[in-house]
Amino acid sequence: MTIPLSTLIRTRREAIIERFVGELRKRSAAVRDMPKPLIINSLPSFLDEVAASLEQRASTAGSKEAAREHGEMRWEHGLDLGVMVREYGVLRQSILREMEEAGITPDLREIEALSERVDAGIAQAVSEHTRLQLEAIETERRRTEIERGRSGSLLSQAPAPICFLKGAALVFELANPLFCRMVGRDDLLGKPLVDAVPELRGQPLHAQLEAVLASGEPSVASEIPVRITRWTGETVERLYNVLCKPVHDVGGAVEGVMVTAFDVTEQIGARRKAERLALELQQSVAQRLRAEQALRVNEERFRKALRGSPVMVFTQDRDLRYTWMHNSFGKSEREVLGKTDGEVLEDPEAARSLDRTKRDVLASGVGQRREIAVRAGGRTQHIDVSIEPLADDTGEIIGITCTATDITERKSIEQALRASEARFRTVQEASPDGFMMLRSVRDASGAISDFEWVYVNPATGPIVGGRGKDLEGKRLLVEVPGSALASAFDAYARVVETGEPARIELSCAHEGAPRTFRAIAVALGDGVGLSFHDITEQKRADAERAQLLDQEQRARQHAEQLNRLKDEFLATVSHELRTPLQSILGWARILRTGEVDAESLERGLATIERNAKAQSQLIEDVLDASTILAGKLQLRTDPVDVRQVLATALDLVRPAALAKGVAVDTSVADDVGIFLGDAERLQQVVWNLLANAVKFTPSGGQVRALARRVEATLEVEVEDNGEGIPKSFLPFLFERFRQADGGMTRAHGGLGLGLAIVRHLAEAQGGSVHAESDGEGKGARFRVRLPIRADAPAAPPSPQRRGGEAPGGAARVLEGIRVLVVDDETDARELLGIIFVRAGATVSEAASAGAALEALRMGEFDVLVSDIGMPGEDGYAMMRRLRALGADVPASGIPALALTAYTRMEDRRQAIAAGFQMHLAKPIEPNSLVTAVAHLVGRAGKRGSWP
């Protein structure tokens, strides 16, 4: 299909424009974010003009107006010629693509005509763009000429260090005297930065300059350190706010960097005094290719540098009217130029103060610097003003040049810092923890050689030998060399160099007592802060905790061992109780058959009696051990015939010794005399030792017992030539449940309590027991020592514990006595009835507490013998009810004896409290029981004898 190109342009104009905008945004970054109307600009008019010229086959002049307008608009929006030429190429392609999509076969002559119109548009737009650029350059040149005289004077009076560094090597082309003074050199021009001032290599300033060269963007750095080595070799470090602004050549490339530095060392120092922020413009001394061109370039650089500077710079004439200004803090030149401070400032007081200072400078010719507070709009603005006299070529003062810096924010920061420091000091002065700040002292190589105290709080005294504030300003290694604090010098230095905190533990002495402190060291600038916490008590607690843990572990091991011994003991108790029961039960069943002769009957009864006594002895040992463990052992204090005690003990063990074929001899020295103590417990000690010796001495052996006086002590020695004691077992010999042979294959019976009871009884009477043995098979020797006058509380009389009197005559000591026996166990009642009947008494029985009380109400009795543990109502309750009956019931005051298996001391006290006159433990020898009842009924002069 063939249609005229002009028709296509008219009918598809909007589509061509949309395609043009889309393609241009893809290809040109300069217009990618530009609003669509600005991209389109005069394109519709240009397309209409092209279509009209194609229809009329006219010359290209018709499209020049829109192209000129296009070139003017692109200049105003800062687009360069390359972008504009690219636009016409995209337009041409957009028209051809629309023809292709519409299926139109282009006419070659129309294509050529289209190219001519587009090329003509390009030429017209470029021409207009160039014309406007040249006009701008000329205008700028004229303005530069006008400002040249003014700028030259400002450059010579600039109050700040300024330099211009050119090229990638940063070659000095401009450096005013203040900059030369700043770096300590005056031979900078023509030299690269790192050659002229080599110590700047690697410093933050060097890195900032290289970053500006690389990015082409201005940079402002605050409070960067600059270390300069003077010709004397001294290294000086000061802090600067540095403005680095790139300077571009005519082609737009970065030609160099204009540097303006402001020394802010005094601003942030300890004195927090006013800083010197004056910007001094410097006059170019760089080598010029052409003097006029170089001056123009330098003035342009200075103007651009000031444009990015936050400092206000202005001049005033002798009448103090503003003649030139830059950066007027929000006011336009029209509002300021030609006016005085009184007309410009809203604060009259500030205006008068400035006027006085400026007139002093005009009169004296000496510059001044002031900080003023200007109040405006309800807020106060702090300004740092530097005022210098401005002279003409003849030296006559024609006005002043001033630089002003808004330091309001800095003042707020300084005030906040002062308040923060005050709070910090208040907290630290009251803190119980020590705190100090140390400043690094470095040698010529830059290494830390010492630390200087900056601050010390009162709590630091124990760490520094009681000293405090007097250390501030003094050096660590000079004041406290060799101290615990100084010993951690390397750790402090490492914290400063690496910035990583460290934990340090220090030990020192204060007021003669050792103290331990945990210190935390953190980097504070070129120094270190140390916080000390006293952990002396914590250390002591840790040590005590470790000791307690060790003791607990040992106690646990001991408890586990005792638990094992307990298990072994229970197994042994079970064995020792069951063994005699077997003989008792066996012989009892044999005797019940009635098919035994007199000899077998006698042997069976003897066996039953012997094993019953063995069981009774086991129970007595267990009860004694329990009483001792509970701390309830009571001892009598009576005169004791030692000979009689040994004789009785020997009588008790003689049957076992004879049966085994062991000879037992006793000997008592004549000087023993009378021993003051508990005869029964002494007899128990001797009997245990003799029984133990007989048990471990083989047939044909010998056991010897000796009692003698050694100074003020009674010494009883029992020696045998039997099996002996292993040396490894001697330390444990007197411990409860301990037996040298405790296994199932042991050769000797027993519970392992006898010797433990001996030790406790001896110690309870103020004495001691000691065992010796030369080893297994070499016998053993036991020696008990007791003070002749033992100090022990008296105890009420108790019936004989061990053995019994041999059967004597048939005296019936309870003849005519009426006895009421109360026990819920039938066997026990019958046995007691037989015992009392054979002693001559008349016996009645009751199976419960209720039945006993009923019997006491109905009948008359002389004595009551009752069990304690009974179902329904126990013996204690029965006795309390009986005693509560009062005089109306004669039996309420009857003598009463408690016969029970509850044998603890508290059981005895409870029985007496309930109303019993006597408390006896089961089992008991019949003779002892009869004797006790005789005591109760007033027949104490007679000893009971049970046939």
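Structure's up top.
This report concerns the structure included in the present document. Keep in mind the model is a prediction, meaning the values are calculated, not measured.

## Regarding the overall build of the chain
Regarding its fold elements, the chain presents 29 helices and 27 strands. Residues classed as buried in the chain amount to 42% of the 947 residues present. Counted over contacts in the chain with a minimum sequence separation of 6, partners at least 24 positions apart contribute 60%. For the chain, the exposed area adds up to about 49000 Å²; of that, 52% sits on carbon and sulfur atoms.

## Points about the pattern of salt bridges
Enumeration according to the criterion identifies 39 salt bridges in this entry. Between E763 and R759 there is a salt bridge whose closest N-O contact spans 3.7 Å. Taken together, the residues E763 and R759, both in helix α24 (residues 754-764) and four residues apart, mark about one turn of the helix. Judged by relative accessible area, which is 24%, R759 ranks as partly exposed. Bridged by salt links that share partners, the residues R704, R708, E715, E717, E719, E772, R781, R783 and R785 form one connected network.

## Some words on the nonpolar core
By size, the foremost hydrophobic cluster in this structure holds 44 residues, and its most contacted members are L682, L689, L690, V703, L714, L733 and F782. Elements with a contribution of two residues or more to this core: α22 (642-660), β17 (663-668), α23 (679-695), β19 (702-710), β20 (713-720), α24, β21 (768-772) and β22 (780-787). In terms of residues, this core owes the most to one element, α23, which gives eight residues. Those residues within four positions of F782 in sequence are excluded, and the remaining contacts are L689, N692, V716, E717, V718, I725, L733, F734, L755, H770 and A771. Judged by nonpolar contacts, the second largest core, of 34 residues, contains I9, I16, L47 and A51.

## Some remarks on the environment of V718
Relative to the helices and strands, V718 resides in strand β20. C-alpha of V718 to C-alpha of L690: the two residues are 28 residues apart in sequence and 6.8 Å apart in space. If we skip the residues at most four places from it in the chain, V718 touches L689, L690, A693, V703, R704, A705, A780, R781 and F782.

## Some remarks on the sheet that holds strand β2 (residues 171-175)
Read from one edge of the open sheet, five strands run β2-β1-β5-β4-β3, paired in antiparallel fashion. Both edges of this open sheet fall to β2 and β3 (219-229), since each of them pairs with a single strand only. Here the average twist between neighbouring strands, direction ignored, is 35°. By the bridge criterion, nine bridges tie β3 to strand β4 (residues 235-248) in an arrangement that is antiparallel. Paired with V220 across the strands is L243, a residue of β4. Sitting on the sheet, helix α10 (residues 204-215) is in contact with β1 (162-166), β3, β4 and β5 (254-263), with an inclination near 135° to β3.

## Notes on the state of the cysteines
Across all of its chains, the model carries zero disulfides by this definition. With no disulfide of its own, C163 has C244 as its nearest cysteine by sulfur position, at a separation of 8.0 Å.

## With respect to helix α19 (residues 489-498)
When α19 is considered as a whole, its buried residues turn out to be F489, A491, Y492, A493, V495 and V496. Two residues or fewer past α19, G499 is found with a positive phi of approximately 80°.

## A closer look at a nonpolar patch on the surface
Together, I520, V522 and L524 make up an exposed nonpolar region whose accessible area comes to about 210 Å². Looking at the element boundaries, I520 is found in strand β14 (residues 513-523).

## Brief notes about the pairing of strand β8 (residues 368-376)
In this sheet, strand β9 (residues 379-391) lies alongside β8 in antiparallel orientation, the contact comprising nine bridges. When the bridges of β9 are listed, A376 appears paired with R379. The turn linking β8 back onto β9 is made up of two residues, and G377 within it adopts a positive phi angle of 60°.

Cut-offs used in this document
Residues numbered from 1 in each chain as written. Predicted model: local features only at pLDDT ≥ 70, side-chain atom pairs only at ≥ 80, totals over all residues. Heavy atoms only, no water. Helix = DSSP H or I, 4+ residues; strand = E, 2+ residues; numbered from the N terminus. Buried < 20%, exposed > 50% of the residue type's maximum accessible area, 1.4 Å probe, protein only. Contact = heavy atoms within 4.5 Å. Areas by Shrake-Rupley, 256 points an atom, 1.4 Å probe, with all protein chains shown as cover. Salt bridge = Lys/Arg side-chain N within 4 Å of Asp/Glu carboxyl O. Core = buried A, V, L, I, M, F, W, Y, C linked by side-chain atoms within 4.5 Å. Pairing = 2+ DSSP bridges. Axes fitted to C-alpha atoms, helices over the stretch in contact; angles between N-to-C directions. Disulfide = S-S within 2.5 Å. Patch = residues over 30% accessible without salt bridge, like charges linked within 9 Å, V, L, I, M, F, W, Y side chains within 5 Å.

Interpretation in functional terms is not warranted from these geometric data alone.
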